[in-house]
Amino acid sequence: MVRLAPYARFSWPIRWLFRFLTVLLVLALILAGVVTWAVRRSFPQVDGEIRLPGLSANVSVLRDQYGVPQIYADTPADLFKAQGYVHAQDRFWEMDFRRKTTAGRLSELFGSSTLDIDKVVRTLGWRRTAEKEFGLLDPEARKALEDYASGVNAWLDQHQGFAARSLEYGVLALTNGSYEPEPWTPADSLSWLKALAWDLRSNMTAELERAIDASVLPLDRVKELFPGYPFDRHQPIVTRGSVRDGEFRTEERAGTTADGAAGTAVGASAGPTAVSAGSPAVASAAVSDAERTYDSSAQSDGALGDARVDAPATEALARVAKVLDTVPTLLGTAGGDQAGIGSNSWVVSGKHTESGKPLLANDPHLGPRMPSIWYQAGLHCRSRGPACPYDVSGYTFSGVPGVVIGHNHKIAWGFTNLGPDVTDLYVERVQNDTYEVKGSWVPLQTRVEQIKVAGGKTVELPVRSTAHGPIISEVLGDAGEALPGAAAKLGKIDKGMAVALRWTALDPGRTGDAIFLMNRAENWEQFREAASKFEAPAQNLIYADLEGNIGYQAPGKIPIRSDGDGQWPAAGWSGEQEWTGYIPFEQLPHAYNPPEGFIVTANNAAVRPDYGPPLTSDWSYGYRSQRIVDRITQAIDAGKITVDTMRDIQMDSRNGLAEALVPHLLRVGGGDTAMLKGWDFAQTRDSSEAAYFNAVWRHLLKRTFDDDIPESGRPGGGDRWFEVVRTLLDDPDSPWWDDVRTEDTTENRDDMLAAAIKDAGADLREKLGDSPEDWRWGDLHTLELTNETFGTSGIPPIEWLFNRGPLHLGGSKDAVDATGWDSDKGYEVDWVPSMRMVIDLADFDRSRWVNLTGASGHAFHANYNDQSELWADGGTTAWPFSEQGVRREAVDTLTLTP
């Protein structure tokens, strides 16, 4: 008997449909198989043997279940060659994309769609500066960079063709099949430090915002939007000390170890000064200013003068705002309110810990990326000694040799953004190819950049500079494009105004040396020597060592100004607000074994304003830092602190404004305010109260400020706005409460609160349904892990290949669990604790860490995003350091052979 196919019983149209669907299914399976083969072909080999030319001996690479490599070698050269090879195995596309970005060469990959980015980066000259820096570095650093590049290029030589490199190259081949990556160079690594410095450049956005706000508001109202740091409520990082006799000193001249032994003199110099341009009189002048108090709302007479509200100057500054939105933010978030980008870190001495040794925590707040900005790794000399001094583990940047944050066999360290004022915008008077300097007209410096464009013609970009730096207001479009409606509002645009950028990171420096010196440091003096080279970006550095000591050091190349405080754009033609040198390293704040037994940094004020030479007045306002201080103090009172205590503090989600705002909401009442009664102000992802409160907060900001402030300066909801609104709550008839868009009505505080309450209820019912008890903060506060290249292609199938999420998160902007969001745009998360770590100095193997995504940059690899859910839940993974611990956790062993 002939057995018919099941579909033979149907009529011929149905049989034809079944056959067609079967063919489609077979083709889909074949295609899936081809795609799977192509994707998996680029996955790294993690066991067996691979030849790495140039090695002096075998190198072992042990990986745990998360793909985190621990590398063992006999020489520094072999160690860094292997690190370059391993980085390339997992993240070469990311590395290639980053170097094209920092060199202003993205258009070679993506064509004219990225031309504006390239124009801005070429104007800034990141790559030009990085190339100059290489020759300034110590021989050890130069050799490490060269060895690292050798390892990257060995991998590149072994992986020819897009299928062997990564899925991204396959997608790129659809539109740019001729692209071939170039060999890696040391300047490619150093250029990444320029991107790091740019994203953590401190107060330039605030400087620009002040000036643009002042074009439409009286100065006294602008000052209200930039309140002073609340020193009465939120303590600075360093609670004692000032500059005396040319160096920073505390009241106590000697530190004391956790065990009671005498330590290094707190004011002692370690290593050379950072940069000390100018005459000795410059340093003396900085010291003589030590008693001056700097008011963050004060307008310096030397800053721009009447031009700050002049239409031509405002137009030039508006063009700069457009430029800033165009610059790629490889660490932070594009545009908007970036206040808070920077991190938490703290260290607790052994007298407060269960083990009797220090604990150190760090969680840098950066933009979410797929893959993560960080790459976890360990670098170990098999026989540690002068010839091979590295035994270090922590977080690295793919593309850069060494470990950026972590610990070695003796010390541990962490970073947060110090945020000193290292940028100034100079409004210049320009005529043709000259600019004015104290009444004279001098030639502009000019160069022409050649930008290659895939599928198009090479673009020539003229770049003009003054003595202050590159003119950035001419890069994109004209003023009318930069600030729509500006010409009608402010009158004829004067083409004679331009804006130049002065920025410390555009001067070649030695930050590259700092990484290797820090990796090798074994005590506080050596750590401070490394810090003295850390010029840009300036970071708060915290420290702990096996002897029980803890410390803090503010490094960086921070300018001294002849006049003014850098809060406002300067009149470049006047010569009255020039940089005359840099604060000597010996004068920068530091602390060593402070009597309270802990140090907390969270981008808050480093010192009180009368400490000495001004660092900045645009600090984060201390809501996170003070909450950490309070939690540590509570933990000390309750008993000894453990690793779990530190991890619990990292996930603290308390809203710092709620205590002040909620009573007013309950007083006004109405809407859904009753749900806030008894709320503990925690913003967990399951909290309905947090969802409602943050909705009210968002709409209160929009109701109160959107009618007064230009779009580029509208509130993002961070802690500066906490301070602004906290003050306004005590002034029910402030002009800020009045909505100038309503005729014949003058609103007051309670009118705005009632309107925000109503808006929030309507907003959440539309987004989350009609039952407030079912509202969840995490359903609003979501994170999409977006690939930094094809993840925003606009083509859904391609975005599906590379993006992951959403993750439902707790926390909020300026909670300790700092999951940032821009209240002007929505509730979605736009920056995060990019990693979390807790280091236990009593036993490094008990340390814990987690990454935002995973080790791999290959989509669909098991380690592509295998840490993401754990990170979202506040969990961590084992972080072994001893060879015994590493081997216990290892699941793969790769041997690299000469």
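This is a predicted model, so every value here is computed, not measured.

1. Considering the pattern of salt bridges
- Overall, the coordinates contain 54 salt bridges when judged by the stated rule.
- In this structure, glutamate 659 and arginine 654 form a salt bridge, with 3.4 Å as the shortest nitrogen-oxygen distance.
- One salt bridge connects arginine 749 with aspartate 750, and the closest N-O pair in it is separated by 3.1 Å.
- Of the residues examined, arginine 749 reaches a relative accessible area of 12% and is grouped as buried.
- Exposure remark for aspartate 750: the relative accessible area of 26% places this residue in the partly exposed category.
- Each of Asp96, Arg99, Lys100, Arg127, Glu131 and Asp188 takes part in salt bridges that share partners, so that together they form one network.

2. Considering empty space enclosed by the protein
- In this structure the tally under the stated criterion is 13 cavities of 30 Å³ or more.
- Its volume calculated, the largest cavity comes out at about 110 Å³.
- In terms of residue class, the lining of the largest cavity is built from ten nonpolar, three polar and no charged.
- Approximately 80 Å³ is the volume found for the second largest cavity.
- It is helix α2 (residues 76-102) that provides the largest number of residues to the lining of the second largest cavity, a total of five residues.
- Of the residues contributing to the lining of the second largest cavity, the split by class is four nonpolar, four polar and six charged.

3. Here we look at the sheet that holds strand β2 (residues 59-64)
- Across the sheet, eleven strands lie side by side as β1-β36-β2-β3-β11-β12-β13-β14-β22-β23-β27; this open sheet has mixed pairing. The open sheet has two edge strands, β1 (48-51) and β27 (590-592), and neither has a second partner. In this sheet, adjacent strand axes meet at a mean angle of 15° when their direction is disregarded.
- The pairing of strand β11 (residues 375-381) with strand β12 (residues 391-396) spans six bridges and is classified as antiparallel. Bridge pairing in β12 links glutamine 376 to tyrosine 395.

What counts, and at which threshold
- Think of each chain on its own: its residues are numbered from 1, step by step along the sequence as written.
- Residues qualify for local features only when their pLDDT is at least 70, as the model is predicted, and side-chain atom pairs are given and counted only at 80 or more; totals for whole chains, interfaces and linings, by contrast, use all residues.
- Excluding hydrogens and water, the side-chain values take into account all heavy atoms of the structure.
- In what follows, salt bridge is the name for a side-chain nitrogen of Lys or Arg lying within 4 Å of a carboxyl oxygen of Asp or Glu.
- Three labels apply to residues, based on accessible area from a 1.4 Å probe with only protein chains included: buried if under 20% of the type maximum, exposed if over 50%, partly exposed otherwise in between.
- Within this scheme a cavity is a closed region of a 1 Å grid, computed over the protein atoms alone, that accommodates a 1.4 Å probe without allowing it to escape, whereas a pocket is open but has protein on both sides within 12 Å along at least five of seven lines; lining residues each have an atom within 4 Å of a point.
- Grid points are joined across faces, edges and corners, and a volume is the space filled by probe spheres set on the points.
- Nonpolar residues are Ala, Val, Leu, Ile, Met, Phe, Trp, Tyr, Cys and Pro. Charged residues are Asp, Glu, Lys and Arg, and all others, Gly as well, are polar.
- In this description a helix means any DSSP run of H or I spanning at least four residues, a strand means any run of E spanning at least two, and both kinds are numbered starting from the N terminus.
- The criterion for strand pairing is that DSSP finds at least two bridges linking the strands in question.
- Structural elements are reduced to axes, namely lines fitted to C-alpha atoms, with helices fitted over the stretch in contact, and the angle between N-to-C directions of any two is expressed from 0 to 180 degrees.

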